[in-house]
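This is what each chain is made of:
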Amino acid sequence: MKAILLAGGQGSRLRPLTITTPKPIVPIFDRPFLRYQIELLKQVPEIDEIILSLNYQPRRIEEVFGDGTDLGVSIRYVVEPQPLGTGGAIKFAAGDYPSGPIVVFNGDVLTSVDLPAVIALHRSRKAKATIVLTPVDNRSAYGLVECDEEQSVKAFLEKPTAEQLVQSKCDTINAGIYVIEGETLDRIPADTVYSIERGYFPSLVAQKETFVAYTYRGYWIDIGTREKYQQVHHDIMTGRFSAPPFEGLAGQAVVSPDARIEPNVTIEGPCFIDAGVVIKSGARIGAHSVIGAHCHIGEDAVVAGAILWPHTWVDRGAQLGPLVAGRHCQFGRYVEVGGHALLGDKSIITDYSRL
Ligand code: GDD
Ligand code: MG
């Protein structure tokens with residue numbers, strides 16, 4: 001069985017971080033995001049090939065995962081000549097005349113859904129397609145899916161209007177995880193921009209195909225915005241979602257043995273401090289901070305909930321609030337950055353600046 005990970009979007013809502021790091025490999029603590037999805041796919045031994053469907057900065061992603069051997073999986077990369085949309089990308093990645101079930105994942109969702117159970121439901125219902133649904137607070141940002149009592153899908157409305165939301169009774173949305181039969185891809189035109197949400201799913205409903213929903217009420221998040229990107233870190237640190245590097249360590253300070261922490265440093269859990277980090281005397285690392293590999297935190301600096309990607313330099317006396325900073329940033333002496341700033345790679349904040 002093949003799995004297709006849709007990982008070709010530009011990640012525009014996470015700019016400037018995604019200008020140099022495509023969304024599928026933005027770091028979550030010390031690992032690229034897609035690694036969590038690949039680990040989830042390993043729950044299904046039948047999946048013998050993971051196809052990464054890419055078009056934005058594909059080489060960067062290939063460099064990280066290679067052929068998958070290090071993770072114990074087989075990975076193949078398919079790069080569209082131009083973005084074909086979610087449906088066009090699946091068709092392009094699946095190749096000619098695919099048959100049997102294919103697992104499809106939006107490349108920006110983090111979840112612990114029971115994938116074998118989703119596949120078992122798909123098979124027991126002899127479905128043409130099965131879709132995972134999950135509850136969210138703000139349904140308008142997703143695909144709204146209406147079902148009957150048998151959990152058969154009766155309507156699919158991508159990014160519903162206020163009026164459509166009022167008429168809908170369900171609290172769940174499309175979680176971006178599907179099992180689809182390869183032969184149903186014949187309704188997607190080749191080499192054409194085509195949305196699985198606006199084209200393929202509504203066509204299954206219109207043609208009364210067996211289209212089934214699996215509702216999942218456990219952990220699920222789409223990391224596509226700054227708020228959600230920070231939320232994922234928070235959820236893993238606090239144990240709301242049990243995942244490495246905090247498995248069994250929720251609420252604690254997880255500090256690499258290869259970090260160099262001088263005496264008289266205050267570290268408040270939960271937080272994460274990666275290998276090669278140097279923290280100078282008098283500094284304070286507050287709760288929910290993430291200090292990427294090889295960062296330097298100067299004397300008396302305060303990091304209060306910031307996420308710093310690797311190789312960032314925080315000079316003495318700087319005070320950082322809950323910001324996110326890309327790689328190789330420099331915060332000068334005594335700078336103060338409050339609030340939820342989002343800083344691209346190599347940003348330089350000069351001494352004594354206040355943002
Ligand atoms: N290869 C490829 N080509 N991938 C693409 C393309 C493309 O042209 N366009 C988008 N993708 C990938 C993105 O990288 C992402 O992983 C996934 O497809 C979904 O695209 P998003 O841009 O993140 O869509 P969304 O979050 O607004 O909405 C989708 O996900 C929601 C769940 O998070 C829809 O599927 C919604 O119905 C769903 O509720
Ligand atoms: Mg998304």
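Observations concerning the pairing of strand β4 (residues 49-54)
Here comes step 1: Within β4, six of the six residues are buried, which leaves the element mostly enclosed by the surrounding structure.
Here comes step 2: Residues of β4 alternate between two faces, with Glu49, Ile51 and Ser53 on one and Ile50, Leu52 and Leu54 on the opposite face, all of them buried.
Here comes step 3: Across five bridges, the pairing between strand β1 (residues 2-6) and β4 is parallel. Bridge assignment links Leu6 to a residue of β4, and that residue is Ser53.
Here comes step 4: The pairing of β4 with strand β5 (residues 75-79) spans five bridges and is parallel. Directly across from Ile50, in β5, lies its bridge partner Ile75.
Here comes step 5: Crossover connection from β4 via helix α3 (residues 58-65) to parallel β5: handedness right-handed.

Points about the sheet that holds strand β30 (residues 348-349)
Here comes step 1: Pairing in this open sheet of six strands is parallel, and the strands run β15-β18-β21-β24-β27-β30 from one edge to the other. Strand pairing shows two members of the sheet lacking a second neighbour, β15 (260-261) and β30, which therefore form its edges.
Here comes step 2: Here β15 pairs with strand β18 (residues 278-279) via two bridges, running parallel. Following the sheet pairing, Ile261 is matched in β18 by Ile279.

Comments concerning the side chain of Glu197
Here comes step 1: Inspection of the secondary structure puts Glu197 in helix α7 (residues 196-206).
Here comes step 2: The charged side chain of Glu197 is buried without a salt bridge, its nearest counter-charge being Arg198 at 6.4 Å.
Here comes step 3: Reaching out from Glu197, the side chain makes a polar contact with the side chain of Thr86 at a distance of 2.7 Å.
Here comes step 4: Here Ser195 takes part through its side chain, which lies 3.1 Å from a polar atom of the side chain of Glu197.
Here comes step 5: In contact with Glu197, not counting residues within four places along its chain, are Thr86, Phe156, Glu158, Asn174, Tyr178 and Pro202.

Notes on the site of ligand 1
Here comes step 1: Around ligand 1 there are 27 residues in total, and Glu80, Glu158, Asn174, Glu197 and Asp222 lie nearest to it.
Here comes step 2: Between ligand 1 and Glu158 there is a distance of 2.6 Å, counted from an oxygen atom to a side-chain nitrogen or oxygen.
Here comes step 3: If ligand 1 stood free it would expose 750 Å²; the protein chains cover 89% of that surface.
Here comes step 4: Every element with two or more residues in the shell around ligand 1 is listed here: α4 (85-94), β11 (172-181) and β13 (220-222).
Here comes step 5: Ranked by residues supplied to the shell around ligand 1, first place goes to α4 with three residues.

So, the side chain of Arg31
Here comes step 1: Along the chain, Arg31 turns up in strand β3 (residues 31-32).
Here comes step 2: In this structure the side chain of Arg31 is engaged in a polar contact, spanning 2.9 Å, whose partner is the side chain of Asp30.
Here comes step 3: For Arg31, the residues in contact, after removing those within four places along its chain, are Val26, Tyr36, Pro244 and Pro245.

Examining unusual backbone geometry
Glycine aside, negative phi is the norm for most residues, and most peptide bonds take the trans geometry.
Here comes step 1: Between Arg15 and the following residue, Pro16, the backbone shows a cis peptide bond with an omega angle of 10 degrees.
Here comes step 2: Here the residue pair Gly269 and Pro270 is connected by a cis peptide bond, since its omega of -5 degrees sits within 30 degrees of zero.
Here comes step 3: Its place among the elements puts Pro270 in the loop between β16 (266-267) and β17 (271-273).
Here comes step 4: One non-glycine residue, Lys159, adopts positive backbone phi at about 45 degrees.
Here comes step 5: Here Lys159 shows up in the loop between β10 (153-158) and α6 (162-167).
Here comes step 6: Looking at Lys159, the relative accessible area reads 41%, which means it is partly exposed.

Here's the deal with the pattern of salt bridges
Here comes step 1: Evaluation of the coordinates by the stated rule reveals 16 salt bridges.
Here comes step 2: The shortest N-O distance in the salt bridge between Asp171 and Arg217 comes to 3.2 Å. With a gap of 46 residues between them, Asp171 in the loop between α6 and β11 and Arg217 in the loop between β12 (211-215) and β13 connect regions that are remote in the sequence.
Here comes step 3: Overall, the relative accessible area of 37% leaves Asp171 in the partly exposed class.
Here comes step 4: A network of salt bridges, in which partner residues are shared, links Lys2, Glu49 and Arg76.

Cut-offs applied
- Residues numbered from 1 in each chain as written.
- Chains lettered and ligands numbered in written order.
- Predicted model: local features only at pLDDT ≥ 70, side-chain atom pairs only at ≥ 80, totals over all residues.
- Heavy atoms only, no water.
- Buried < 20%, exposed > 50% of the residue type's maximum accessible area, 1.4 Å probe, protein only.
- Helix = DSSP H or I, 4+ residues; strand = E, 2+ residues; numbered from the N terminus.
- Pairing = 2+ DSSP bridges.
- Right-handed = clockwise from strand over helix to strand, strands pointing away.
- Lys, Arg positive; Asp, Glu negative; His and termini not counted.
- Salt bridge = Lys/Arg side-chain N within 4 Å of Asp/Glu carboxyl O.
- Polar contact = N/O pair within 3.5 Å; in protein donor to acceptor, adjacent residues only side chain to side chain.
- Contact = heavy atoms within 4.5 Å.
- Near = heavy atom within 4 Å.
- Areas by Shrake-Rupley, 256 points an atom, 1.4 Å probe, with all protein chains shown as cover.

These results come straight from atomic positions and should not be treated as a statement about function.
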